[in-house]
Structure formats: structure tokens, C-alpha cells
Amino acid sequence: MKLPEVRGTLTAGRALSDLTWLRVGGPAEWLFQPADEADLASFLKALPPEVPVFPMGVGSNLIVRDGGIRGVVVRLGRGFNGIEISGNLITAGAAALDAQVARRAVAAGLDLTFLRTIPGSIGGAVRMNAGCYGAYVADHLREAVAISRAGERVVLGPKDLQFSYRQSQLPPEWVLVSATFEAISADPQELEAKMADQVAKRDASQPIKERSAGSTFRNPAGFSSTGRADDVQDLKAWKVIDAAGMRGARLGGAQMSEKHSNFLINAGGATAADLEGLGEEVRKRVLLTSGIRLEWEIMRVGEILDEAHDK
């Protein structure tokens, strides 16, 4: 397959396991790292429409299956990670890390503290309406800019994205390139203290030193943790996983964390099949014990290895 000329980097058969937090998965048929927005737009415009496109962030919320990903994986890097602040507006490139955006906003006296403990980059945060401590991207987003699969630059408002719990209606092959947020002003020192408290709570309850992809399943209640003492716990994913006896459960090199049972970790040598298989076993047990059908929060993409070899 002949692909369009690019100014960025286009690599055939690029391994993806080292680009995901779980460190598993097969290669991308092609990995495209565009030089800038114009390079991305011209490439997508010229790319044959039958070639699949998968936009990939920093791989913090992703299982790439062992057979890899067909078509073109687009991964943004330098040129897409700038952060600009004007008044109460913060504009960040899609490749900017959530934590870095939070820190820059706080330094300017703007409250985007909820982004500090969300793993990943702004593109992924917008796509999945990331949130914690009772705040979501939907609460702050003013607009986002994406390049459509046809190579057109599209400006999207919150109504266009139709945010809901842990998701948006952004077309799967569109590539987000930037987002603008609005935040209230506050004293930077108070915001620093608030952010430090949230980080301390996360570190105390989550397996941050393990290879994980953040929360594995969405909370059945359909809302994020508020961090308050009166936060209702009965319909949190970890609670129903515990009730099903799956805290610490293992399959091959995959394990449900002992520290936080809604975290799926690569305990050493796990395959994507181990991780996804354990997650599916958790879903089955929770359905049997609680009558609740857990929904994956981690995105699973690509080909199952046997499927890939059979075709």
C-alpha cells in the first residue's frame, strides 16, 4: 500500500507495546507522527478512504491487542503540546499532558485542578470526557479543534461533542489537535494546596507504581468520584468487584490490583489477551453476583492474535 508523502514520520510495522502504559500489544501497520496540523490534514485528505485511522494519545487508557492495529495509527507529539493562557481561557494542544495543563493553569490562578490526577493527554481527556473529584471536561470545555477523516479542520463546541459520562460523540477516526477550556480564577497557593491534596488521595488509594491503564471499568452509577466523605460508594466499580471476590484475581501476567480492585495491572509478562481476558472474567463474575454489567473504561483496539494470523 502506497501512502501519501508526509513531512512528519511514517513508520511501517511500528511496535506499539512501548507506547502504552500497560506495555502490551502488537504493531501498527503504519504509525504516523505528523509534523504539524497542515501535515496531518493533507495526509488524511490524500489517504485512501478505505484505510482505517486510529488516533492514539500517550496510551494511558489503552489495551492494544496482540495482533496489532491495521491501517494507520496517528500519534501527535511535538508541535501539538503547546499551552497558552489568555484571561480565563486555557488552550492546549491535544498532545499536552493533562497534569501539565493543570499545573500551568494553577500557576496562572485558574482552577483546572481536576486534570492533575488524570493520566494521559488532552486529546484523550476530551474524547472520553475525563473527570474526577466531581468535575469533568464537559464542565470546562469551550471548544475543540479536530481534523476530520477527510482532512478538514473542524471547530467543535460542547453541543457538537454531546458529552456524557466517560464519552463523547467525536467520530472515532477524527483527530483532535487542540482544546480550549474556561476556568474560574482563584488564589494560586490555594489551588496548589487543593491539587496536592488530590494527588495525595490518589497516591494513597491507587497503584501508581504499577503498570496500569487507570480505572478499568466505568462506575455503574454513571458519575465520577467527588472525593468527599459523603460520596456514595455502593455503586462504584471497585465495590462490586470486591463483592464478586475479584480483588487480586490473576490470569497469566494480569492482575486486578490488591490496592484498588478497579485497576487492571501488568504484574509481569502479561499479554493483551491476559489483560482483556481477566477483565472479561471480572465482568462475568460481577454480573453473576450483583446483576450489574460493568462497562469497560479502558479502550481495547486491534486484532486478536489468532484472528490476525488467520487472515
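Here the structure is shown first, and the text comes after it.
A. Quick look at the sheet that holds strand β2 (residues 27-33). The strand order β1-β2-β5-β3 describes an open sheet built from four strands, whose pairing is mixed. Edge positions in the sheet fall to β1 (9-15) and β3 (53-56), since each of these pairs with one other strand and no more. Neighbouring strand axes in the sheet, compared pairwise and without regard to direction, differ in orientation by 30° on average. Direction of pairing for β3 relative to strand β5 (residues 69-75): parallel, over a ladder of four bridges. The partner of F54 across the bridge, within β5, is V73. Where helix α1 (residues 37-46) meets the sheet, it contacts β1, β2, β3 and β5, and its direction lies at approximately 130° from that of β2.

B. Highlighting helix α5 (residues 188-205). Relative to the 26 Å expected for 18 residues at 1.5 Å per residue, α5 spans 26 Å between its end C-alpha atoms, a close match to the ideal helical length. Taken together, the buried positions of α5 are L191, M195, Q198, V199 and R202. One face of α5 carries all of its buried residues, which in axial projection span an arc of 100°. Opposite the packed face of α5, turned more than 90 degrees from it, sit the exposed residues Q189, E190 and A204. For α5, the secondary structure elements touched by its buried residues are α2 (98-107).

Quick notes on the rules
- Residues numbered from 1 in each chain as written.
- Predicted model: local features only at pLDDT ≥ 70, side-chain atom pairs only at ≥ 80, totals over all residues.
- Heavy atoms only, no water.
- Pairing = 2+ DSSP bridges.
- Helix = DSSP H or I, 4+ residues; strand = E, 2+ residues; numbered from the N terminus.
- Axes fitted to C-alpha atoms, helices over the stretch in contact; angles between N-to-C directions.
- Contact = heavy atoms within 4.5 Å.
- Expected span 1.5 Å × (residues − 1).
- Buried < 20%, exposed > 50% of the residue type's maximum accessible area, 1.4 Å probe, protein only.
- Arc of directions from axis to C-beta.

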